[in-house]
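# Architecture at a glance
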Amino acid sequence: MSRKISLLILIYLTVLSVAGQELNFSPDLVLGNRSVTYKHLIKYSINPRLSVDNLTLFDTEYEEDANNIYFVRNNFSYHFNEKVKLNTAIGIKNPGAFCTVSLGFSFRTANFSFAYTAGSTYQKGFSFEQSLVLSYTPDLSNDYKGYINLLATANINANGYIRGLQQFKIGMLKKQLITGLALNLDQFNNARKKLQNMGIFLKYNF
């Protein structure tokens, strides 16, 4: 049932995206040595205080399905101001359905952005989840910018470090298109299982 609800919310967000004036859509593809990773973020601002977004990620190995990774999160945010917001989210990820309540802090300038989120996630038990996103886009010329981006998340419970990932990208940005090199690292079950994927990426900001 949770998977069906998540898919319905994804369809609803897609419908909003057609009519919305405050919409951001960013598809991202990594062609790596182990797998192909597709990720997108769809964000719709209802008004200055309220926004909804959908974050979807699929990581598919070339030769087998044993280590495939999936993540679909549908999130509703209340913005106290430009820097602080309260999030509630539902979704599905390995190994099943989850829900999250968190508090986020963000800071942005013309060439730099920082976002930190921390809260509680329930997925077969409660865990403390935190995420960090850093992005730096220095000016290189009139048409090009550099692009450095880091995403890191971690889930911790009484048994330790149950899930974590780090995604690092470096490349070039021209208008809405970004290309370059990517490194994805995943850890499961106190890092007893580790996966990595390195390759090239393409990202477009609509």
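Everything in this summary refers to the structure shown in the same document. (Residues numbered from 1 in each chain as written. Predicted model: local features only at pLDDT ≥ 70, side-chain atom pairs only at ≥ 80, totals over all residues. Heavy atoms only, no water.)

### Observations concerning the overall build of the protein
Tallying secondary structure elements over the protein gives one helix and twelve strands in all. Counting from the amino terminus, helix and strand elements in the protein follow one another as α-β-β-β-β-β-β-β-β-β-β-β-β. In the protein, which comprises 206 residues, the share counted as buried stands at 39%. The long-range fraction of contacts in the protein, counting pairs at least 24 apart against all pairs at least 6 apart in sequence, stands at 40%. (Helix = DSSP H or I, 4+ residues; strand = E, 2+ residues; numbered from the N terminus. Buried < 20%, exposed > 50% of the residue type's maximum accessible area, 1.4 Å probe, protein only. Contact = heavy atoms within 4.5 Å.)

### Structural notes on the sheet that holds strand E11 (residues 177-188)
In sheet architecture, strand pairing relies on hydrogen bonds along the backbone and comes in two forms, parallel and antiparallel. Spatially, the twelve strands close up into a barrel ordered E1-E2-E3-E4-E5-E6-E7-E8-E9-E10-E11-E12, and their pairing is antiparallel. Each strand of the sheet is rotated relative to its neighbour by a mean of 20 degrees, with strand direction disregarded. Bridging between strand E4 (residues 69-79) and strand E5 (residues 84-93) involves nine bridges; their strand directions are antiparallel. Residue pairing in the sheet places Asn74 in a bridge with Ile90 of E5. (Pairing = 2+ DSSP bridges. Axes fitted to C-alpha atoms, helices over the stretch in contact; angles between N-to-C directions.)

### Here's the deal with the environment of Thr60
In this structure, Thr60 sits in strand E3 (residues 50-61). The class for Thr60 is partly exposed, based on a relative accessible area of 37%. Along the sequence, Thr60 and Val36 sit 24 residues apart, while their C-alpha atoms lie 5.4 Å from each other. Here Thr60 is in contact with Ser35, Val36 and Asn68, once residues within four sequence places are set aside.

### Notes on a nonpolar patch on the surface
A surface patch of nonpolar side chains, amounting to about 980 Å² of accessible area, comprises Leu31, Tyr62, Phe105, Phe107, Phe112, Tyr136, Ile148, Phe168, Ile170, Leu181 and Ile200. Within the secondary structure, Leu181 is located in strand E11. On the basis of relative accessible area, Leu181 is assigned to the exposed category, the value being 53%. (Patch = residues over 30% accessible without salt bridge, like charges linked within 9 Å, V, L, I, M, F, W, Y side chains within 5 Å. Areas by Shrake-Rupley, 256 points an atom, 1.4 Å probe, with all protein chains shown as cover. Salt bridge = Lys/Arg side-chain N within 4 Å of Asp/Glu carboxyl O.)

### A short note on the pattern of salt bridges
With the rule as written, the count across this model stands at seven salt bridges. With a shortest N-O distance of 2.9 Å, Asp59 and Arg34 are connected by a salt bridge. Here Arg34 lies in the loop between strand E1 (23-32) and strand E2 (35-45) and Asp59 lies in strand E3, a separation of 25 residues in the sequence. When the shortest N-O distance is used, the salt bridge between Lys145 and Asp139 registers 4.0 Å. Residue class for Lys145 comes out partly exposed when judged on its relative accessible area of 26%.

### Some thoughts on the packing of aromatic side chains
Going through the model one piece at a time under the given rule, you end up with seven aromatic pairs. Pairing Tyr204 with Phe206 gives two aromatic rings, centres 4.6 Å apart and planes at 55 degrees, and the pair type is tilted. Phe206 gets classed as exposed once you look at its relative accessible area, which sits at 58%. A cation sits over an aromatic face here: Lys93 above Phe98, 4.9 Å from the ring centre. (Phe/Tyr/Trp six-rings, centres within 6.5 Å; stacked < 30°, edge-to-face > 60°. Lys NZ or Arg CZ within 6 Å of the ring centre and 35° of its normal.)

### Overview of the side chain of His79
You can see His79 is positioned in strand E4. Side-chain polar atoms of His79 contact the side chain of Ser51, separated by 2.9 Å. Filtering out sequence-adjacent residues up to four positions away, His79 remains in contact with Pro48, Arg49, Leu50, Ser51, Val84 and Lys85. (Polar contact = N/O pair within 3.5 Å; in protein donor to acceptor, adjacent residues only side chain to side chain.)

### Considering unusual backbone geometry
Going from Asn94 to Pro95, the amide bond is cis rather than trans, its omega being 10 degrees. Within the fold, Pro95 resides in the loop between E5 and strand E6 (96-108). Positive phi is not limited to glycine here, since Ala191 has a value of about 65 degrees. Mapped onto the secondary structure, Ala191 falls in the loop between E11 and strand E12 (193-204).

Taken by themselves, the reported measurements are silent on function.
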